[in-house]
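Next come the chains, spelled out residue by residue.
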Amino acid sequence: MKRVMNVSRARSLRGTLRVPGDKSASHRALMLSSLASGESRIEGLSPGLDVAATARIMGQLGATCSLESDRAIVVGRSGGLRPSDEPLYCANSGTTMRLLAGLVSAIAGVHVLDGDESLSQRPMDRVAQPLKMMGSFVTGRGPRVMAPLRIEGSSSLRAIEYHVPMSSAQVKSAVLLAGLGASGPTTVIEDVRTRSTTEDMLSAANVRIDSVDEGNGRRVTVHPGRPTARHWAVPGDPSQAAFFVVLGLIHPDAVVEVQDLDGSPERTGFMTVLQRMGADLSWSGPGPTLSVVASSSTLTSTEVFADEVPSVDEVPVLVVAAAAARGVSSFHRMGELRLKESDRFAGALALASSLGCRVWSEGDDFFIEGLGSAEAFAPFSMDAALDHRMVMSGAVAGCAGAGATIEGAETVRTSYPHFFDDLVGLS
Ligand code: S3P
């Protein structure tokens, strides 16, 4: 049943918080530990349903995963993972389905991958295409190859060189994971550097990876092999921190600190955008993890390009920042937003419009005329459409502005079950 959440304007916001463990690293820690032989320990695991789906599936494939709070002990299967008789239910999680498609492609046998209503509308052709080139047989519904997927994996995949046609860490990762079981080195070329979580973690698990930056992009080669078991410490998720950072900036009386975040450059582009808008934002570093402090700021409009925030996860909340800024902000090459848990291109425009902004779009670009301050936001209601990031973006707008009614708010459970508790804790 859909839960309706009423968010009201907070008088002031103060506090320090830790957001959930990075979702990307959590999925990969479970997958690599399951592929390894022996016991791995993970701490800082994301508590969301997306990551729980990955853990459950790794169990179906023969690993033993014991989860307790944000810790896990994973024991891989000594003879390697094997197919499950039951469908592998990926719930709402695109990362689970796309990475898993690569992982099971290297396991001989038939695998069925299923998902919820939102995931079943998302294109899987982007992973099916390279995996077929490697010799895995992937079928799904319609020309965009939508779930449920049927994958016939093979223990003798071909090594390929693949140029990813869109900016996608999930596609890169699917090919790299399949490459673990290929006949030779597999190379992925991307035109824009997306998060390097997969290659970094494979390398940390003693798989040979060669990674070279080329212009704005990168060429990554994985050599066939099996990850080794190890201890993983997952840092905080910068894409979740983005909600509290924007909240701290646009609320008229706020100082909010978020600690212990993954500080890699592909994940922190949203902070550069906000700084350009005049944000009072400071962060510690350089170092492997960051602490960020966001204080009430007067923001001005800016131009945002998708390449600055690869994977565009932070764009919906940047739209809320643009709605509070002075002037017209433009967002360019944002087509990928349409293919997320919901159509975030339409959803972000609808959100800004319901706050009272004039909005318009041209092809894959859109424009938001800001109101100059969150104090000018109108109260609004929205339906979250099974999209956690839309719920959290709406909640930020409501908390800094004039309140919000959010239908389907329970969908935050997919990535950030205690989001509303953390929000209340700041006021
Ligand atoms: C993710 C990649 C991104 C992002 C998602 C997590 C990952 O998708 O949207 O939330 O963990 O690899 P892309 O494949 O569009 O980069």
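Side note on the overall build of the protein
At step 1: Across its full length, the protein carries 12 helices and 23 strands.
At step 2: Over its C-alpha atoms the protein spans a radius of gyration of 21 Å, differing by no more than 12% from the 22 Å that the globule rule assigns to 427 residues.
At step 3: Taking the principal axes of its C-alpha atoms as reference, the protein extends roughly 60 × 45 × 45 Å.
At step 4: A burial count over the protein gives 59% of its 427 residues as buried.
At step 5: Sequence-distant contacts in the protein: of pairs separated by 6 or more residues, those separated by 24 or more amount to 74%.
At step 6: Surface summary for the protein: the accessible area is close to 15,500 Å², and the carbon and sulfur share equals 49%.
At step 7: A distance of 3 Å separates the average location of the 39 positive side-chain charges in the protein from that of its 47 negative side-chain charges.

What about the packing of helix H5 (residues 169–179) against helix H6 (residues 197–204)?
At step 1: Closest axis-to-axis distance for the H5/H6 pair is 9 Å, and the angle between their directions is 30°. Classified by the angle between their axes, H5 and H6 sit roughly parallel to one another. Contacts from Lys 172, Ser 173 and Leu 176 in H5 reach Thr 198, Glu 199 and Leu 202 in H6.
At step 2: Looking at side-chain class alone, the contact of H5 with H6 contains two nonpolar, two polar and two charged residues.

Here's the deal with the site of the ligand
At step 1: Near the ligand you find Ser 24, Arg 28, Thr 95, Ser 168, Ala 169, Gln 170, Arg 195, Ser 311, Asp 313, Lys 340 and Arg 389, and these make up its full shell.
At step 2: Ser 168 is positioned such that a nitrogen or oxygen atom in its side chain is 2.6 Å from an oxygen atom of the ligand.
At step 3: For the ligand, an oxygen atom lies 3.4 Å from a polar atom in the side chain of Arg 389.
At step 4: Its free accessible area being 390 Å², the ligand has 96% of it covered by the protein chains.
At step 5: Listing elements by their share of the shell around the ligand, those giving two or more residues are helix H1 (23–35) and H5.
At step 6: Lining the shell around the ligand are residues from two domains, each supplying at least three of them: domain 1 (4–20 + 235–426) and domain 2 (23–222).

Considerations on the packing of aromatic side chains
At step 1: Tallying each qualifying case throughout the model produces eight aromatic pairs.
At step 2: Ring geometry for Phe 331 against Phe 366: centres 4.8 Å apart, planes inclined by 10°, an arrangement best described as stacked. Pair noted here: Phe 331 is in strand E19 (residues 328–332) and Phe 366 is in strand E21 (residues 365–369), with a separation of 35 residues, a long-range link. Take Phe 331 and Phe 366: they sit in the same class, and that class is buried.
At step 3: Both rings, one in Trp 360 and one in Phe 367, keep their centres 5.5 Å apart while their planes meet at 15°; by these two values the pair is stacked.
At step 4: With relative accessibility at 26%, the residue Trp 360 sits in the partly exposed group.
At step 5: A connected cluster of aromatic rings, assembled from ring pairs, spans Phe 243, Phe 244, Tyr 416, Phe 419 and Phe 420.
At step 6: The positively charged end of Arg 230 is found above the aromatic ring belonging to Trp 232, 4.3 Å away from the centroid.

Digging into the domain arrangement of the protein
At step 1: Assigned domains of the protein: these are domain 1 (4–20 + 235–426) and domain 2 (23–222).
At step 2: Here the C-alpha centroids of domain 1 and domain 2 sit 28 Å apart.
At step 3: Of the residues lining the interface, 20 residues belong to domain 1; the matching set on domain 2 comes to 22 residues.
At step 4: Our enumeration of links across domain 1 and domain 2 arrives at four salt bridges.
At step 5: Between Glu 336 and Arg 126 there is a salt bridge, with the nearest N and O atoms lying 2.9 Å from each other.

Thresholds applied
- Residues numbered from 1 in each chain as written.
- Predicted model: local features only at pLDDT ≥ 70, side-chain atom pairs only at ≥ 80, totals over all residues.
- Heavy atoms only, no water.
- Helix = DSSP H or I, 4+ residues; strand = E, 2+ residues; numbered from the N terminus.
- Rg over C-alpha atoms; globule rule 2.2 N^0.38 Å.
- Buried < 20%, exposed > 50% of the residue type's maximum accessible area, 1.4 Å probe, protein only.
- Contact = heavy atoms within 4.5 Å.
- Areas by Shrake-Rupley, 256 points an atom, 1.4 Å probe, with all protein chains shown as cover.
- Lys, Arg positive; Asp, Glu negative; His and termini not counted.
- Charge placed at Lys NZ, Arg CZ, Asp CG, Glu CD.
- Axes fitted to C-alpha atoms, helices over the stretch in contact; angles between N-to-C directions.
- Parallel < 35°, antiparallel > 145°, perpendicular 65-115°, else oblique.
- Nonpolar A, V, L, I, M, F, W, Y, C, P; charged D, E, K, R; others polar.
- Near = heavy atom within 4 Å.
- Polar contact = N/O pair within 3.5 Å; in protein donor to acceptor, adjacent residues only side chain to side chain.
- Domains from an automatic or database assignment.
- Phe/Tyr/Trp six-rings, centres within 6.5 Å; stacked < 30°, edge-to-face > 60°.
- Lys NZ or Arg CZ within 6 Å of the ring centre and 35° of its normal.
- Salt bridge = Lys/Arg side-chain N within 4 Å of Asp/Glu carboxyl O.

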